[in-house]
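What follows is each chain in one-letter form.
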Amino acid sequence: MAMLWLLLLLLVAGSVVAGGESGTSKVSWVSFDEGLDAVKRGGGRSSSSNKLLVVVISKPWCSACATLDRVFAESADVQQLSEQFVMSRLASEEATGKIFQLDGKYYPRMLFVDHHGDILQDLQNFAAPSHSAYTYSSEAEVAETMRRALDLVSARRRGGEL
């Protein structure tokens, strides 16, 4: 009996350690409302404080959403890039209104929002099918679009748009 308890304890401890490694995200997530407020406030400040809001819309039962969650939890590159943005998660039930339904109701979706509250529709995943242009499934896809977003912000700053 003692051996069974020891085995159970080792299995539980191993699960906690493994989950702690991959399940801990270094991304600072805020609610959508907090994020939108932050980027709107930043829009009126110096160019160094202007950030875009990244909104990740998902469902808890969605396996593709879990894959995207792992990208944010495990990718050092994506975590470092996320520091340049205000990061927000939004449950699909909260993503109501036409603004969130750009090209359908699929999950997960990752959208970039500027300080006016507008979704930047050009920031799409070019590797995704055209009917689901805002879905992401890999570190490379997420990081590439985040870099394009940073380039766009830099170009807008140089042009005096931000």
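Residues numbered from 1 in each chain as written. Predicted model: local features only at pLDDT ≥ 70, side-chain atom pairs only at ≥ 80, totals over all residues. Heavy atoms only, no water.

Novice: Give a detailed account of the sheet that holds strand β4 (residues 109-113), specifying residues and quantitative values.
Specialist: The 4 strands are arranged β1-β3-β2-β4 in an open sheet whose pairing can be described as mixed. Either end of the sheet is taken by a strand with one partner, and the two such strands are β1 (29-30) and β4. Across 2 bridges, the pairing between β1 and strand β3 (residues 86-91) is parallel. Among the inter-strand pairings, Val30 is bridged to a residue of β3, identified as Ser88. On the sheet, helix α3 (residues 63-74) packs against β1, β2 (53-58), β3 and β4 and is oriented at approximately 145° with respect to β2. (Pairing = 2+ DSSP bridges. Helix = DSSP H or I, 4+ residues; strand = E, 2+ residues; numbered from the N terminus. Contact = heavy atoms within 4.5 Å. Axes fitted to C-alpha atoms, helices over the stretch in contact; angles between N-to-C directions.)

Novice: If you had to explain the side chain of Ser132 to someone new, which residues and values would you point to?
Specialist: Secondary-structure assignment places Ser132 in the loop between β4 and α5 (139-158). Among residues more than four places away in sequence, those in contact with Ser132 are Asp103 and Tyr106.

Novice: Now, about the environment of Val71: what can you tell me, with residues and values included?
Specialist: Structurally, Val71 can be placed in helix α3. With 66 residues separating them in the primary sequence, Val71 and Ser137 have C-alpha atoms 8.0 Å apart. What Val71 contacts, discounting residues up to four positions off in sequence, is Val78, Ser137, Ser138, Glu139 and Val142.

Novice: Now, about the pattern of salt bridges: what can you tell me, with residues and values included?
Specialist: According to the stated counting rule, one finds 5 salt bridges in the structure shown. A salt bridge links Arg89 to Asp69, with the shortest nitrogen-to-oxygen separation between them at 2.9 Å. Of the two residues, Arg89 is situated in strand β3 and Asp69 in helix α3; the sequence distance between them amounts to 20 residues. A salt bridge links Asp77 to Arg147, with the nearest nitrogen and oxygen atoms 2.6 Å apart. Linking Asp77 in helix α4 (residues 76-82) with Arg147 in helix α5, this pair joins segments that are 70 residues apart in sequence. By relative accessible area, Asp77 is classed as partly exposed at 24%. (Salt bridge = Lys/Arg side-chain N within 4 Å of Asp/Glu carboxyl O. Buried < 20%, exposed > 50% of the residue type's maximum accessible area, 1.4 Å probe, protein only.)

Novice: Talk me through the confidence of the model for the protein chain; I want residue IDs and the actual numbers.
Specialist: Of the residues in the protein chain, 78% reach a pLDDT of 70 or more, and the chain-wide mean stands at 80. Averaged over each element, pLDDT in the protein chain is lowest for helix α1 (residues 2-23) (35) and highest for α4 (97). Below a pLDDT of 50 lies the segment residues 1-23, which in the model reaches 4 contacts outside its immediate sequence neighbourhood of four places, other chains included. (pLDDT = per-residue confidence, 0-100.)

Novice: Could you give me a rundown of helix α2 (residues 32-42), with the residues and numbers involved?
Specialist: Within α2, the full set of buried residues consists of Phe32, Gly35, Leu36, Val39 and Gly42. Looking down the long axis of α2, one finds its buried residues gathered within 130° of arc, a one-sided arrangement. (Arc of directions from axis to C-beta.)

Novice: Residues and numbers for α3, please.
Specialist: An α-helical turn contains 3.6 residues, so a residue and the one three or four places further along point in the same direction. Taking 1.5 Å as the rise per residue, α3 with 12 residues should run 16 Å; its terminal C-alpha atoms sit 16 Å apart, in good agreement. Listing the buried residues of α3 in full gives Cys65, Leu68, Val71, Phe72 and Ala73. (Expected span 1.5 Å × (residues − 1).)

Novice: Explain the packing of aromatic side chains to me, using residue names and the numbers behind them.
Specialist: With the rule as written, the count across this model stands at 2 aromatic pairs. Aromatic side chains Trp29 and Phe72 sit 5.1 Å apart centroid to centroid with 75° between the ring planes, which places their arrangement in the edge-to-face category. Of the two residues, Trp29 sits in strand β1 while Phe72 sits in helix α3, which places them 43 residues apart along the sequence. For Trp29, a relative accessible area of 24% gives the class partly exposed. Ring centres of Phe85 and Phe112 lie 5.8 Å apart, and the angle between their planes is 65°; on these two criteria the pair is classed as edge-to-face. (Phe/Tyr/Trp six-rings, centres within 6.5 Å; stacked < 30°, edge-to-face > 60°.)

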